[in-house]
Amino acid sequence: MLEMQNALYIVPTPIGNREDITARACEVLKMADVICAEDTRHSLPLLESIGVKSPKLISFHDHNEAEKADRITAIIEEGNSVALISDAGTPMVSDPGYHLVAACVQKGIKVYPLPGPCAAITALCASGMPSDRFSFEGFLPVKEKALRDKLASLVTEERTMIFYEAPRRIFDTAKILAEVFGDRRVMVARELTKTFETKYYTTCDRLGEVLNEDPNVLKGEMVIVLAPYRKKDEDETITAEAKKMMELLSGELPPKKVCSLVAKMYDLRKNELYDYLLNHTDCQ
């Protein structure tokens, strides 16, 4: 039997399929003196399903995390064990927990992280993208300019990139992905581990079209996995005349329009021109 300590236990919970919870996670949740839950109402059905009766729950979410960290560390210092869970997946992966763990570390309180479900890693494993190096970017900005700026800053990222996205925003995001990344490979995973799990394998410039073909696309949280930048010989394939034309047009037109015009004039690929444009400040 597990011997609980006066410590913080970070406990991942299923991202969809309840059977994905580990035996150790169940045991920790049954034996913990206190459970910190992102949404106590959401967590109760899961806790009941694994046999946790009358749990002592503390609401712990983005809006109260900082102020409750001191209270929870005090509970642990009084000799109690505390388990931290989020609504789904691993706490702190785009979920609350950072402030609490930092407070525990600062006060010398033991922290025990349990392995378990994580939507980002689950999607990466099924993406067909390089997994030796990857970057988790969390949720993308909501406003269009901030979204475009964020994605543009990642054009030359040489690691596979993983994003979370809400279904209501996926078409807006797909549009910007197409503008910024062109025919770069992308995979979008929806409803991971659930009955209607769906994965869309395509390119950024076709993503909106592919998503639109699925009438159920707006149901369920999504994970976007984007292929890394691979340096090509575009500097050599783009002629001096094309580079000069981009330099001239950049002072008058937005990058997307510049690349579209130059691509037609010199029979070049728009995404290669866009990559070149972003990496040469004198052409922006």
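Here's what I pulled together on the structure shown here. What you see is a predicted model; the values in this text were computed from it and never measured. (Residues numbered from 1 in each chain as written. Predicted model: local features only at pLDDT ≥ 70, side-chain atom pairs only at ≥ 80, totals over all residues. Heavy atoms only, no water.)

All right, on to the packing of aromatic side chains then. Here the structure, examined in full by the defined rule, presents three aromatic pairs. Members of the aromatic cluster, connected to one another through ring pairs, are Phe 136, Phe 139 and Tyr 164. (Phe/Tyr/Trp six-rings, centres within 6.5 Å; stacked < 30°, edge-to-face > 60°.)

Bringing the layout of surface pockets into the picture now. What the largest pocket holds in volume is close to 760 Å³. Along the walls of the largest pocket sit 30 residues, with Ile 15, Asp 87, Ala 88, Gly 89 and Glu 221 positioned nearest its centre. Listing elements by their share of the lining of the largest pocket, those giving two or more residues are helix 2 (40-49) and strand 10 (222-226). With four residues, the top contributor of residues to the lining of the largest pocket is helix 2. The residue inventory of the lining of the largest pocket, partitioned by class, reads 13 nonpolar, nine polar and eight charged. (1 Å grid on protein atoms, 1.4 Å probe; cavity = no way out; pocket = protein on both sides within 12 Å on 5 of 7 lines; lining within 4 Å. Points joined across faces, edges and corners; volume = space filled by probe spheres on them. Helix = DSSP H or I, 4+ residues; strand = E, 2+ residues; numbered from the N terminus. Nonpolar A, V, L, I, M, F, W, Y, C, P; charged D, E, K, R; others polar.)

What describes two packed helices is the angle between their axes and the distance between those same axes. Axis separation between helix 3 (residues 65-77) and helix 4 (residues 98-107) bottoms out at 9 Å; the angle between their running directions is 45 degrees. Taken as axis vectors, helix 3 and helix 4 run oblique relative to one another. Considering the relative orientation of helix 3 and helix 4, their crossing is right-handed. Counted together, Glu 65, Ala 66, Ala 69, Asp 70, Ile 72, Thr 73, Ile 76 and Glu 77 of helix 3 and Tyr 98, His 99, Leu 100, Ala 103, Cys 104 and Lys 107 of helix 4 form the full contact between these two elements. Taken together, the residues that form the contact of helix 3 with helix 4 break down as eight nonpolar, two polar and four charged. (Axes fitted to C-alpha atoms, helices over the stretch in contact; angles between N-to-C directions. Parallel < 35°, antiparallel > 145°, perpendicular 65-115°, else oblique. Left-handed = near helix turned anticlockwise from the far one by under 90°. Contact = heavy atoms within 4.5 Å.)

A word on the state of the cysteines. Taken as a whole and assessed by the stated rule, the structure comprises zero disulfides. Unpaired in this structure, Cys 26 has its nearest cysteine sulfur neighbour in Cys 36, at a distance of 18 Å. Looking at Cys 26, the relative accessible area reads 14%, which means it is buried. (Disulfide = S-S within 2.5 Å. Buried < 20%, exposed > 50% of the residue type's maximum accessible area, 1.4 Å probe, protein only.)

Side chains of nonpolar character tend, in soluble globular proteins, to be buried together. Grouped together as the largest cluster of nonpolar side chains are 37 residues, with contacts concentrated most on Leu 151, Phe 163, Leu 177, Phe 181, Leu 226, Met 246 and Leu 273. Take this core: its biggest share by element is six residues, from helix 7 (residues 170-181). Sequence-distant contacts of Leu 226, defined by excluding residues within four places in its chain, comprise Thr 160, Met 161, Phe 163, Leu 177, Phe 181, Arg 184, Arg 185, Val 186 and Cys 204. Core analysis: the second largest hydrophobic core is formed by 18 residues, Ala 25, Ala 32, Ile 35 and Val 52 among them. (Core = buried A, V, L, I, M, F, W, Y, C linked by side-chain atoms within 4.5 Å.)

Moving on, we get to the sheet that holds strand 1 (residues 8-10). Spatial ordering of the open sheet is given by 3-2-4-1-5, a layout of five strands whose pairing is parallel. At either margin of the open sheet sits one strand with a lone partner, and together these are strand 3 (57-59) and strand 5 (111-113). Sheet twist, expressed as the average angle between the axes of neighbouring strands with direction ignored, equals 25 degrees. Pairing geometry for strand 1 and strand 5, over three bridges, is parallel. The residue bridging Leu 8 from the neighbouring strand is Val 111, located in strand 5. On top of the sheet, helix 1 (residues 23-31) reaches strand 1, strand 2 (34-37), strand 4 (82-85) and strand 5; it is set at about 125 degrees to strand 4, its chief contact. The strands touched by helix 3 within the sheet are strand 1, strand 2, strand 3 and strand 4, with strand 3 carrying the most contacts at an inclination of about 160 degrees. (Pairing = 2+ DSSP bridges.)

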